[in-house]
Amino acid sequence: QWRYLGVDIEPGPNVDLVADVHALSDILPHGRAGAVYSNSVLEHLFSAERVIAESNRLLREGGLFVAILPCMWPLHQEPWDFQ
C-alpha cells in the first residue's frame, strides 16, 4: 500500500508536512519510505547533497530515490537557484 506525503517549506496545496528537507530524518522515521521523489527542487536547496543523504536515511532497504533536475536551464526564482 502506497501513501503520499507532500513536504514543503511552506504550506500550500498538496503539502501534508511543512518542514525543512535538510533535516527530514529528524522528524520522520528512518527506513520506512519506499520511495522519495523530487521534481525540480534540488537546485533550489542550500545543500542538495545533504537532502540526498537525508532521503537515504528515510528509505527502507531497496527503496527508490528519484530526482528530476533541469540540465540546461537559465537561473530562475533567484536568489533561490543555487546549482
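As the structure is a prediction and not an experimental result, all values here were calculated from the model.

J.: Any chance you could explain the overall build of the chain here in plain terms?
T.: If you tally the helices and strands in the chain, you get one helix and four strands. Counting from the amino terminus, the chain carries its helices and strands in the arrangement β-β-β-α-β. A burial count over the chain gives 25% of its 83 residues as buried. The long-range fraction of contacts in the chain, counting pairs at least 24 apart against all pairs at least 6 apart in sequence, stands at 64%.

J.: Would you mind going over the pairing of strand 4 (residues 59-68) with me for this structure?
T.: Inspection of the sheet shows strand 3 (residues 33-39) paired to strand 4 by six bridges, in the parallel sense. Bridged to Ala33 within strand 4 is Leu59. With respect to chirality, the unit in which strand 3 leads through helix 1 (residues 48-58) into the neighbouring parallel strand 4 is right-handed.

J.: What exactly am I supposed to notice about unusual backbone geometry here?
T.: When glycine is set aside, most residues are seen to have a negative phi, and most peptide bonds are trans. In this structure, Asn14 takes a positive phi of about 65 degrees despite not being glycine. Structurally, Asn14 is set in the loop between strand 1 (7-8) and strand 2 (17-18). Look at Asn14 and you get exposed, because its relative accessible area is 63%. Despite not being glycine, Ser40 has its phi angle at roughly 55 degrees, a positive value. Looking at the element boundaries, Ser40 is found in the loop between strand 3 and helix 1. Since its relative accessible area comes to 34%, Ser40 is described here as partly exposed.

J.: Quick question: what am I supposed to make of the pattern of salt bridges here?
T.: When their charged atoms lie close together, side chains carrying opposite charge are able to pair. Using the criterion set out here, one finds one salt bridge in the structure. Note that Glu54 is salt-bridged to Arg57, the shortest N-O span being 2.5 Å. Of this pair, Glu54 and Arg57 both sit in helix 1, separated by three residues, roughly a single helical turn. For Glu54, a relative accessible area of 4% translates into the label buried.

J.: What should I look at first to understand the side chain of Glu43 in this one?
T.: Positionally, Glu43 belongs in the loop between strand 3 and helix 1. Despite its burial, Glu43 pairs with no opposite charge, the nearest such side chain being Arg50 at 18 Å. Of the polar contacts made by the side chain of Glu43, one reaches the side chain of His44; its length is 3.4 Å.

Here is what the cut-offs are and how they apply
Residues numbered from 1 in each chain as written. Predicted model: local features only at pLDDT ≥ 70, side-chain atom pairs only at ≥ 80, totals over all residues. Heavy atoms only, no water. Helix = DSSP H or I, 4+ residues; strand = E, 2+ residues; numbered from the N terminus. Buried < 20%, exposed > 50% of the residue type's maximum accessible area, 1.4 Å probe, protein only. Contact = heavy atoms within 4.5 Å. Pairing = 2+ DSSP bridges. Right-handed = clockwise from strand over helix to strand, strands pointing away. Salt bridge = Lys/Arg side-chain N within 4 Å of Asp/Glu carboxyl O. Lys, Arg positive; Asp, Glu negative; His and termini not counted. Polar contact = N/O pair within 3.5 Å; in protein donor to acceptor, adjacent residues only side chain to side chain.

Shape descriptors only; they carry no functional weight alone.
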